[in-house]
Amino acid sequence: MVDIGADEFEAMVGEVFDALPPDMVAPLENVAILIEDQPQGARPRLYGLYSGHPLTRRGVYGFGELPDRITLYRNNLAAGAADLDALRARVRVTLVHEIGHYFGLTDARLQELGWA
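Residues numbered from 1 in each chain as written. Predicted model: local features only at pLDDT ≥ 70, side-chain atom pairs only at ≥ 80, totals over all residues. Heavy atoms only, no water.

**Student:** For the overall build of the protein, give the residues involved together with the corresponding values.
**Tutor:** Summing up its helical and strand segments, the protein has 5 helices and 3 strands in all. Starting at the N terminus and walking to the C terminus, you meet the elements of the protein as α-α-β-β-β-α-α-α. In terms of C-alpha radius of gyration, the protein reaches 14 Å, essentially the compact-globule figure of 13 Å for 116 residues. Once the C-alpha set of the protein is aligned to its principal axes, its extents read approximately 40 × 30 × 30 Å. Counting all 116 residues of the protein, 33% fall into the buried class. Long-range pairs, those at least 24 residues apart, make up 72% of the contacts in the protein with a sequence separation of at least 6. (Helix = DSSP H or I, 4+ residues; strand = E, 2+ residues; numbered from the N terminus. Rg over C-alpha atoms; globule rule 2.2 N^0.38 Å. Buried < 20%, exposed > 50% of the residue type's maximum accessible area, 1.4 Å probe, protein only. Contact = heavy atoms within 4.5 Å.)

What follows is the structure, encoded as structure tokens:
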């Protein structure tokens, strides 16, 4: 388990996101990336969660429509990492995985691509 503060974790997420390939992040539109702690006892324990309408199932956003959300669960990510390098790698995989859901990729396809 890695003991990491909220500000340090947020900075890490920003660095990881900024290092992702431009062709992966440039098409993201109306997506908020949130950092939360998943409540204790919640099941299943998640590293991240995409909430929204994947590109494959969406029309045109209308006025006042809330953004899609990618939520990263800091407590679960930190608990599953042995050190900061492992945490950074897990954050990257989780971001890529949830961005894949934005593009309409299923968990099975993400697994095939090594993004699960």
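**Student:** Could you give me a rundown of the nonpolar core, with the residues and numbers involved?
**Tutor:** One finds L87, V91 and L95 to be the most contacted residues of the largest nonpolar core, which totals 22 residues. Secondary structure elements with two or more residues in this core: α1 (6-18), α2 (22-25), β3 (68-73), α3 (74-79) and α4 (84-102). Broken down by element, this core gets its largest block of residues, 6 residues, from α4. When sequence neighbours within four positions are dropped, the list of residues in contact with L95 reads V13, V16, F17, L20, I33, I70 and L72. (Core = buried A, V, L, I, M, F, W, Y, C linked by side-chain atoms within 4.5 Å.)

**Student:** Which residues make up unusual backbone geometry, and what values do they have?
**Tutor:** Note the cis peptide between R43 and P44, where omega equals 0°. Mapped onto the fold, P44 is located in the loop between β1 (31-36) and β2 (48-51).

**Student:** Outline the pattern of salt bridges, listing residues and values.
**Tutor:** Summed over all chains, the structure comprises 3 salt bridges. The closest approach of N and O atoms between R74 and D37, which form a salt bridge, is 3.1 Å. Here the residue R74 occupies a position in helix α3, and D37 occupies one in the loop between β1 and β2, the gap between them amounting to 37 residues. Across the salt bridge formed by E112 and R109, the nearest N and O atoms sit 2.9 Å from each other. In this pair, E112 and R109 are both assigned in helix α5 (residues 107-113), 3 residues apart and thus about one turn of the helix distant. The exposure class assigned to R109 is partly exposed, which follows from its relative accessible area of 37%. (Salt bridge = Lys/Arg side-chain N within 4 Å of Asp/Glu carboxyl O.)

**Student:** Got a sec to walk through the environment of D68? Specific residues and values, please.
**Tutor:** Residue position: D68 is located in strand β3. For the pair D68 and A32, spaced 36 residues apart in sequence, the C-alpha to C-alpha distance is 6.2 Å. One polar contact links D68 to Y50, side chain to side chain, over a distance of 2.5 Å. (Polar contact = N/O pair within 3.5 Å; in protein donor to acceptor, adjacent residues only side chain to side chain.)

**Student:** How would you sum up the side chain of Q38? Please name residues and give values.
**Tutor:** Tracing the backbone shows Q38 in the loop between β1 and β2. According to the relative accessible area criterion, Q38 is buried, its value standing at 7%. Of the polar contacts made by the side chain of Q38, one reaches the backbone nitrogen of L46; its length is 2.9 Å. Residues contacting Q38, with those up to four places away along its chain left out, are P44, R45, L46, Y73, N75 and N76.

Function-wise, these values are silent; they only describe arrangement.
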